[in-house]
Amino acid sequence: MDPIDFYQPSRQSPKGILVIFALNTVKFIRRFFVLFVAFGLSLSKKESFSFLSTTNLTLIILGIFLVIFVFAILKYLNFKFHLVEDEFHLSAGIINKDATIIPKSKIQNVYIKQNFIQQLINVVSLTIETAGDDKAEIEINALDRTTALDLKKQLFSRTQGVDPNLVGQSSQNNVFFKASVMRLFLEGISQNHIKSLLVIVPFLFGLYHEFEKYLQDFGISDRLISSVNFETGSFLNLILANIFIVILAILVSMVFSVLNTFVSNFNLEVVENNETLEINKGLFNKFSLILTPVKIQNIIVKTNRLKQYLGLHTVSIKQAMVNKKQQRNFKVVALEKPQVLLLIQKIFTRYNGEGTYKKPNIYYKRLLIWRSSFFGALANIPAFLILGNSFWLINSVIITWIVLFVHFTYKKASYQITEEYLTVNGGFIDRVHNISELHKIQSVELKQSIFQKRKKIASLYIATASNQVKIPYITEDTAKSIHDYLLFKIESAGRDWK
Amino acid sequence: MFTNQQINLETLPSIDDVDFKPISKQYLKIIVINRVFLYLLIMAGLFFAKFMVKEDNFHSLFWYAFALAVIFFILNLITALMAFKKRKYAIREQDVIYSQGLLVSSMATVPISRVQHIEISRSWLARKLNLATLKIFTAGESGIDLKIDGLDYSEAQKINDFLSKKVNGPD
C-alpha cells in the first residue's frame, strides 16, 4: 500500500462510509428505540395502522436506511484532513462546513480504537484529544492500522522535538505486561459485586417496567407467584425465598462482573516503548493509548483483602485534561505486586515504595466513631418504621459495621512524603494508594474546624491537575511544616509541571 | 552546574511568619446588604403565603416560621460578621495565600508558577463601593482555586498586574 502523504488533504479509507453508516444507524435506533417499541406494541394490539402493509413497512425502513447511507457518503466525501507544518487541519461538514486547526503542541492524547464493525472490515479509528472540555476532540473513523500508527507518530513527533524517522527505528516494543485469561477471570470474580448489582438492578427494573404489559399478557407473574408459594407464610419459607433471591443476585452480578471485565480488558497488555508506555485492551472495542510519563499527574493503586490474596492490583493512571469517559481506560487490572512497582517506576522513575509511613492523629479515629455512630443512630428511624418494636435488633449489625469500619479505615490511613513523591493511603474495604509527584502539585490547602483548632488538629488538601488528595487530621504543626515543605518543593521546581 | 545541598527544614519560609492583610472594610456592607436582602425576600414570601393560603394549619404555624426566619437571620448575620475578620490574604514572592472561615477555617495557597489565569469580577454593588473580586485559577477541574472577595479595586488591579507579569514573564 502507498503511504499516505499527510501533507496533502486526504480522505480516510473508503471503508469509512461503512463505519459512519453503522454508527449513524446505531445512533438512530438508540434515539428512537422507545418510539419503535411503543409503535410495535400499538401495532400488535390495534389494527389502526392497517394502511401499513408489510411492503409499505419494508419500503419505509429501506428509505430510512438509504437516507442514512447517503448521509454517510456525503460525510465521508466532505471529511478531509492534512498536516501543515506543525498543525493538523481538518475540514468537515455537509451543509455547515467546519474547519478545525490544531497546533501539534496543543494535542494532549491520541488514541487508536477499534469497535466491532471496524474489526470486521479491518480499520481503526483515531481520536485526537486537545486540552479543554469534552467536546474538544476529533475522531477519524476509518484508517488502516499502519496509516493510523504513522499519523500518530507524526502528530507526536514535533511536540517532543524528535525526528519522526528516528522514532520509528529506535523504538523497540517490549511487551511489559500481559494479562492472562485466568487472571482476568479472577479479577472479575473478586470485584465489588454490590457495585455491579447497583448497575444491574435499575436496568432490570427498567426492562420490567417497559415490558410489564407483555409479561402480564403471558401470565408470567402469575406463574412466578404460584411457584414461590407465599401463602403458607411460614418463617422458614420466607427465609429460604430470601436466601434464594440473594444467591441469585450474587450469581447474576458475578457473571456480569466477569463478562464486563473480560469484554473491556480482553488481551490487556502494557507495551514499553522508548519514552512512552502503551496500553492495549478490549474485545469488541479495541483500545490503544499512549502514556507520556511527563503528563501523568497521579497514580492510584487499588486492591482489597481478597484481591491481595490472589495477587491482583489495579493501577489507574491520571493524566491532566483527559475527559471523564476516557479516564476509565487509563486503567491496568490484574497486576501482581512486583509488576505494580515496576509499572510505577516506568512512570515515576525514582519511586521506590520504601520508607516508613506516618499515621493521622488519633483524633481521626474519634471523628470516625462519632460520624458513623451518628449515621448508625439515624438508621434506627427507618428500622423502627419497618420492623416495629424489634427494631433494636438492627443495632447489632450497625455496631459490628461501625467497629469494622472505624478499625479498618483508621488502620489503612497513612501518608508518606519523600524528596519527590507524596503517597497517601486510605480506604475501608479497598486499599487505595495515591502517589503523586511533588513538583506536579498545583495548590495546597489547610483546613480545620473550630473544634479541631482547639485541639490543634488540621487536614491538608493537596491538588494536582487531575485530582485532589487529603492528608486527614494531623497535628497543626505537622500540617504547617508539610505545607511549607511542599510549597518549597513546588516553587523551587519552576513552572515545568506538564 | 548541578548542586544538591541538603535542605534544612527549619530554615524554610514558614507560614507562621506570614503577615496577612485584611480585606477592605467596605466589603462588610456588601455582606450585610446581601444577607438583609435574602432574608427580606424569605419573609416577604412568608407573608405572601399568609394571604394566599387558606389552610388553618399553615396559619397556626406562620408565626413560628417567621420567628425561625428571624432567628436564622440574626445568627447568620452574627457568624458572617465574626467570620469577616477571618478573611485575610497575603502575597508572597512565590505564592498567594488566602485564609477564611470561622466554623471551618481554611488556608489555601497557590504558587504563582501554577496559576493558569486570573480574573477580576465586580458585581453591581461592588462597583458602587469601588470593590472587586479577584479569582485565581489553577489547572484541572479538581484544583483549588482562590476567590478573594472585597478587595479595593485599585489593590485588585495592582495584584492582577503583579501576578500577570510573573505568570507570563520569562521564567
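Above this note sits the structure.
Thresholds, definitions, all that
- Residues numbered from 1 in each chain as written.
- Chains lettered and ligands numbered in written order.
- Predicted model: local features only at pLDDT ≥ 70, side-chain atom pairs only at ≥ 80, totals over all residues.
- Heavy atoms only, no water.
- Buried < 20%, exposed > 50% of the residue type's maximum accessible area, 1.4 Å probe, protein only.
- Helix = DSSP H or I, 4+ residues; strand = E, 2+ residues; numbered from the N terminus.
- Pairing = 2+ DSSP bridges.
- Salt bridge = Lys/Arg side-chain N within 4 Å of Asp/Glu carboxyl O.
- Contact = heavy atoms within 4.5 Å.
- Patch = residues over 30% accessible without salt bridge, like charges linked within 9 Å, V, L, I, M, F, W, Y side chains within 5 Å.
- Areas by Shrake-Rupley, 256 points an atom, 1.4 Å probe, with all protein chains shown as cover.
- Lys, Arg positive; Asp, Glu negative; His and termini not counted.
- Charge placed at Lys NZ, Arg CZ, Asp CG, Glu CD.
- Polar contact = N/O pair within 3.5 Å; in protein donor to acceptor, adjacent residues only side chain to side chain.
- Expected span 1.5 Å × (residues − 1).
- Buried area = accessible area lost by both parts, 1.4 Å probe.
- Phe/Tyr/Trp six-rings, centres within 6.5 Å; stacked < 30°, edge-to-face > 60°.
- Lys NZ or Arg CZ within 6 Å of the ring centre and 35° of its normal.
- Axes fitted to C-alpha atoms, helices over the stretch in contact; angles between N-to-C directions.

So, on to the pairing of strand S11 (residues 296–304) of chain A. Residues and elements named next belong to chain A. With eight of its nine residues buried, S11 lies for the most part within the structure. Bridge count for S11 against strand S12 (residues 313–319) is six bridges, and the pairing is antiparallel. By the bridge assignment for S12, Val-301 is matched with Val-315. Here seven bridges tie S11 to strand S16 (residues 430–437), and the two strands are oriented antiparallel to one another. Residue pairing across strands places Val-301 opposite His-433, the latter belonging to S16.

Moving on to the pattern of salt bridges. Residue and element names in this part refer to chain A. For the structure shown, the criterion picks out 13 salt bridges over all chains. A salt bridge links Lys-178 to Glu-269, with the shortest nitrogen-to-oxygen separation between them at 3.4 Å. Of this pair, Lys-178 sits in strand S7 (residues 174–178) while Glu-269 is found in strand S8 (residues 269–272), placing the two residues 91 residues apart along the sequence. With a closest N to O distance of 3.9 Å, Glu-272 and Lys-346 form a salt bridge. With Glu-272 in strand S8 and Lys-346 in helix H13 (residues 337–347), this pair connects stretches of sequence that are 74 residues apart.

Next up on the list: the side chain of A:His313. Residue and element names in this part refer to chain A. Here His-313 lies in strand S12. Take His-313: its relative accessible area is 5%, and that puts it in the buried class. Excluding its chain neighbours within four sequence positions, the residues that come into contact with His-313 are Val-301, Lys-302, Thr-303, Val-332, Val-333, Ala-334, Leu-335, Glu-336, Lys-337 and Val-340.

What follows covers a positive patch on the surface. A grouping of A:Lys195, A:Lys302, A:Arg328 and A:Lys331 is seen on the molecular surface, where their side chains present a positively charged patch. Mapped onto the elements of the fold, A:Arg328 is located in the loop between helix H12 (324–327) and strand S13 (331–335).

Residue and element names in this part refer to chain A. The residue Leu-197 is located in helix H7 (residues 193–210) in this model. A residue is classified by how much of its surface remains accessible, and Leu-197, at 27% relative accessible area, is partly exposed. For Leu-197, the residues in contact, after removing those within four places along its chain, are Pro-202, Ala-249 and Ser-253.

To continue, consider the side chain of A:Thr464. Residue and element names in this part refer to chain A. On the secondary structure map, Thr-464 appears in strand S18 (residues 457–464). Assessed through its relative accessible area of 2%, Thr-464 is described here as buried. A polar atom in the side chain of Thr-464 sits 2.7 Å from the side chain of Asn-298.

Attention now moves to helix H15 (residues 394–412) of chain A. Residues lying three or four places apart along an α-helix face the same way, a consequence of the helix completing one turn every 3.6 residues. Helix length check: H15(A) (19 residues) gives 27 Å between terminal C-alpha atoms against 27 Å at 1.5 Å per residue, within 8%. Elements that come into contact with the buried residues of H15(A) comprise helix H14 (363–387), strand S14 (414–417), strand S15 (421–426) and S16 of chain A.

A few words on the interface of chain A and chain B. Across the contact, 31 residues belong to chain A and 35 residues belong to chain B. Regarding the contact of chain A and chain B, the summed buried area is about 2,800 Å², with carbon and sulfur atoms giving 51% of it. Between chain A and chain B we count one salt bridge in total. For the side of chain A that touches chain B, the secondary structure elements donating two or more residues are strand S17 (441–449), helix H16 (450–455), S18 and helix H17 (476–492) of chain A. Here the element with the most residues in the side of chain A that touches chain B is S17(A); it accounts for nine residues.

Given two aromatic rings, one states the distance between the centres and the angle between the planes to describe the pair. Tallied over the full model, the rule gives 20 aromatic pairs over all chains. Judged by centre distance (6.2 Å) and plane angle (55°), the rings of A:Phe21 and A:Phe65 are tilted. With a gap of 44 residues between them, A:Phe21 in helix H1 (residues 16–45) and A:Phe65 in helix H2 (residues 54–77) connect regions that are remote in the sequence. Residue class for A:Phe65 comes out partly exposed when judged on its relative accessible area of 33%. Relative to B:Trp63, the ring of B:Phe62 has its centre 5.0 Å away and its plane inclined at 80°; by these criteria the two rings are edge-to-face. By relative accessible area, which is 1% here, B:Phe62 ends up buried. Members of the aromatic cluster, joined through ring pairs, are A:Tyr363, A:Tyr364, A:Tyr410 and A:Tyr473. A cation over an aromatic ring shows up here: A:Lys359 above the ring of A:Tyr410, its NZ or CZ 4.9 Å from the ring centre. The ring of B:Tyr153 is capped by B:Arg122, whose NZ or CZ atom sits 3.6 Å from the centre of that ring.

Moving on: the sheet that holds strand S2 (residues 87–92) of chain A. Residues and elements named next belong to chain A. Spatially, the three strands line up as an open sheet ordered S1-S2-S3, and their pairing is antiparallel. Of all the strands in the sheet, just strand S1 (80–84) and strand S3 (98–103) have a single pairing partner and so form its edges. When the angles between neighbouring strand axes are averaged without regard to direction, this sheet yields 15°. Pairing analysis gives five bridges linking S1 to S2, with the strands arranged antiparallel. Looking across to S2, one finds that Val-84 is bridged to Glu-87.

Time to look at the environment of A:Lys106. Along the chain, the position of A:Lys106 falls in the loop between S3 and strand S4 (107–114). Since its relative accessible area comes to 52%, A:Lys106 is described here as exposed.

Honestly, that's just the spatial picture; any functional story needs more than this.
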